[in-house]
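Examination of the molecular architecture
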Amino acid sequence: MSAADWTQELAAIRDTADEAAFARLFAHFAPRVKGFLIRGGATADLAEDLMQDVMATVWRKAALYQPGRASVATWIFTIARNRRIDGIRRARRPEPEDLPWGPEPEAEQAEVLALREETAQLAQALSGLPRVQRDLIEQAYFGELTHSQIAAETGIPLGTIKSRLRLALERLRKEMS
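Note on numbering: residues in each chain are counted from 1, in written sequence order. The model is predicted, so local features are restricted to residues of pLDDT at least 70 and side-chain atom pairs to those at 80 or more, both for listing and for counting; the totals for chains, interfaces and linings are taken over all residues. Side-chain numbers come from the whole structure's heavy atoms, not from hydrogens or water.

1. A few points about unusual backbone geometry
The condition is simple: Numbering goes from the N terminus for both helices and strands, where a helix is a DSSP run of H or I of at least four residues and a strand is a run of E of at least two.
A positive phi angle, close to 50°, is found at Ala-17, a residue other than glycine. Relative to the helices and strands, Ala-17 resides in the loop between helix H1 (3–16) and helix H2 (19–39).

2. Observations concerning the pattern of salt bridges
Rule in force here: By definition, a salt bridge exists where a carboxyl oxygen of Asp or Glu is found within 4 Å of a side-chain nitrogen of Lys or Arg. For the exposure calls, accessible area comes from a 1.4 Å probe over protein chains only, and a residue counts as buried if that area is under 20% of its type's maximum, exposed if over 50%, partly exposed in between.
The full count for this structure, using the stated rule, is six salt bridges. With a closest N to O distance of 2.4 Å, Glu-9 and Arg-24 form a salt bridge. You can see Glu-9 sitting in helix H1 and its partner Arg-24 sitting in helix H2, a full 15 residues away along the chain. When its relative accessible area of 9% is taken as the criterion, Glu-9 is described as buried. Taking relative accessible area as the criterion, Arg-24 reaches 37% and is therefore assigned partly exposed. Here Asp-135 ties to Arg-131 by a salt bridge, and the two come within 3.3 Å at their closest N and O atoms. Here Arg-131 and Asp-135 lie together in helix H6 (residues 131–142), a separation of four residues that amounts to about one turn. Residue classification places Asp-135 among the partly exposed positions, given a relative accessible area of 27%. Look at Arg-131 and you get exposed, because its relative accessible area is 51%.

3. As for the packing of helix H7 (residues 147–154) against helix H8 (residues 158–176)
Rules: Angles shown run from 0 to 180 degrees and are taken between the N-to-C directions of axes, each axis being a line fitted to C-alpha atoms and, for helices, limited to the stretch in contact. In a left-handed crossing the near helix is turned counterclockwise from the far helix by less than a right angle, and in a right-handed crossing that turn is clockwise. Should any heavy atoms of two residues lie within 4.5 Å, those residues are considered in contact. Side-chain classes are defined by residue name, with Ala, Val, Leu, Ile, Met, Phe, Trp, Tyr, Cys and Pro counting as nonpolar, Asp, Glu, Lys and Arg as charged, and the others, Gly among them, as polar.
At their nearest, the axes of H7 and H8 sit 9 Å apart, and the two run at 115° to each other. In this structure, H7 crosses over H8, and the sense of that crossing is right-handed. On H8, the residues that touch His-147, Ser-148, Ile-150, Ala-151 and Thr-154 of H7 are Leu-158, Ile-161, Lys-162 and Leu-165. For the contact of H7 with H8, the class distribution of residues is five nonpolar, three polar and one charged.

Take a look at the structure:
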């Protein structure tokens, strides 16, 4: 089938919940999605589960597909990629019983002193930055804002934000070494 045919199949799923169209789409894409997931590092069982989830999402979210933005294949494989990333994140997340409980052990006195010294050095290096760069560092690292959020908040173009942050970090690195 051509890309236009897959778009028509997805439109039939969206418009009339056409099960035959979904069966054709599933027969074509499900094995390819599973192979994609396995090549991406998923086990066969996980790939099977994720593939089922991807195809169920295609059925439920067919109305969200926009033909002008991507082909049906690209849309489906993007969903698969996102599911694979989510699956990897879930696998890496520690189970509650694996988390340490109770108070953390006290840090060594030498570590505490070194940290205080480093903190003072960083504060001094920050105070030596031009006000604009210092504000950007504080927003990005202490305020935990993304570069896009800083640009939206300040009205400064995103590229300028990135350049100023890069220059500020280079200055800080020099001061800290």
